[in-house]
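Per-entry structural report
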Amino acid sequence: MTDPSALEAALARMPLIAILRGVQPHEAADISAALVDAGIVIVEVPLNSPRPLDSIARIAAAVGARALVGAGTVLRGAQVDEVSDAGGRLIVMPHSDPMVIEAAHAAGLPAIPGIATPTEAFAALARGANALKLFPGELMTPAVVGALRAVLPDAVPLIPTGGVEAAALAGYWSAGARGFGIGSALYRPGRSIAEVASRARELVSAMETVRGGHG
């Protein structure tokens, strides 16, 4: 079973979560290796991708020793065991269904439910959420992040997801975000491995600059 503190450790190393929505199994391992080589250490395959469990298994085999690999768009508790059996070690959700959070904990996997309001945030934390995905990120501005940060426990990572690009990292970080879900700014179907790697290096460099400047 995975120690839920693995998420905290991975975010401390590099607070970027690569979201490979639409990735094909045959390319999943090579893309993930390029991401990890660029410095990203959390990789998520949404379950509405083609044959997602196959991709997760291939990614886990390729980079599981160097990265935290898991699934996104986990909608039902029964999917948690499927992800775990495939080698996934992280559960990310677009919503905050308590049954999924509890299933993740039962499997020993950290859970990141999606929230958009303080009510959802505190309910998810009461069920044992390990971090909170602020979704959709386009609506969760740095001002909103700052307002949530003021009332939520300091130790809970807030992770804006959706629409976050390199130029936006500093504002969110200053407001109290401690992780970022990066989707189309990093990967989209048809994008070459070289381009994904280049985008990953740009984001990692931007993130290191932000952390160096804002602590």
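Now for a look at the structure at hand. Model, not experiment: these values are computed from the prediction.

How each quantity is defined
Residues numbered from 1 in each chain as written. Predicted model: local features only at pLDDT ≥ 70, side-chain atom pairs only at ≥ 80, totals over all residues. Heavy atoms only, no water. Salt bridge = Lys/Arg side-chain N within 4 Å of Asp/Glu carboxyl O. Helix = DSSP H or I, 4+ residues; strand = E, 2+ residues; numbered from the N terminus. Buried < 20%, exposed > 50% of the residue type's maximum accessible area, 1.4 Å probe, protein only. Pairing = 2+ DSSP bridges. Polar contact = N/O pair within 3.5 Å; in protein donor to acceptor, adjacent residues only side chain to side chain. Contact = heavy atoms within 4.5 Å. Core = buried A, V, L, I, M, F, W, Y, C linked by side-chain atoms within 4.5 Å. Phe/Tyr/Trp six-rings, centres within 6.5 Å; stacked < 30°, edge-to-face > 60°. Lys NZ or Arg CZ within 6 Å of the ring centre and 35° of its normal.

Okay, the pattern of salt bridges next. Counted under the stated rule, the structure contains 7 salt bridges. For Arg66, the salt bridge identified is with Asp37, shortest N-O distance 3.1 Å. Separated by 29 residues along the polypeptide, Arg66 in the loop between helix H3 (52–63) and strand E3 (68–72) and Asp37 in helix H2 (residues 25–38) bring together distant segments of the chain. Classification of Arg66 by relative accessible area gives partly exposed; the value is 37%. A salt bridge links Arg51 to Asp54; its shortest N-O distance comes to 2.4 Å. Judged by its relative accessible area of 22%, Asp54 is partly exposed. Through salt bridges with shared partners, a single network forms among Arg51, Asp54 and Arg58.

Take the environment of Ala194 next. Tracing the sequence through the fold places Ala194 in helix H9 (residues 193–214). By relative accessible area, Ala194 is classed as exposed at 56%. It is 31 Å that separates the C-alpha atoms of Ala194 and Pro142, two residues lying 52 residues apart in sequence.

Quick look at the sheet that holds strand E6 (residues 114–115) now. Strand order in the open sheet formed by 3 strands is E6-E7-E8, with parallel pairing between adjacent strands. Unpaired on one side and paired on the other, E6 and strand E8 (158–160) mark the two borders of the sheet. Bridge count between E6 and strand E7 (residues 132–134): 2 bridges; the pairing is parallel. Residue pairing across strands places Ile115 opposite Leu134, the latter belonging to E7.

For the bond from Phe135 to Pro136, the omega torsion is 0°, close enough to zero to count as cis. Topologically, Pro136 is positioned in the loop between E7 and helix H7 (142–151). The backbone of Arg51 sits at a positive phi, close to 45°, despite the residue not being glycine. If you trace the backbone, Arg51 turns up in the loop between strand E2 (42–46) and H3.

This brings us to the side chain of Arg211. With respect to the helices, strands and loops of the structure, Arg211 is situated in helix H9. Side-chain polar atoms of Arg211 contact the backbone oxygen of Arg13, separated by 2.9 Å. If near-sequence neighbours (up to four positions away) are discounted, Arg211 is found in contact with Leu11, Ala12, Arg13, Met14, Pro15 and Trp173.

Turning next to the nonpolar core. Grouped together as the largest cluster of nonpolar side chains are 76 residues, with contacts concentrated most on Leu16, Leu35, Ile42, Ile91, Leu132, Phe180 and Leu186. The element contributing the most residues to this core is H9, with 7 residues.

Turning our eyes to something else, we now look at the packing of aromatic side chains. Here the structure, examined in full by the defined rule, presents 2 aromatic pairs. On the numbers, 6.2 Å between centres and 70° between planes, the contact of Tyr172 with Phe180 is edge-to-face. You'll find Tyr172 and Phe180 in the same group, each marked buried. An aromatic cluster of at least three residues, connected via ring pairs, comprises Tyr172, Trp173 and Phe180. Directly above the aromatic system of Phe135 lies the positively charged group of Lys133, at a separation of 4.8 Å from the ring centroid.

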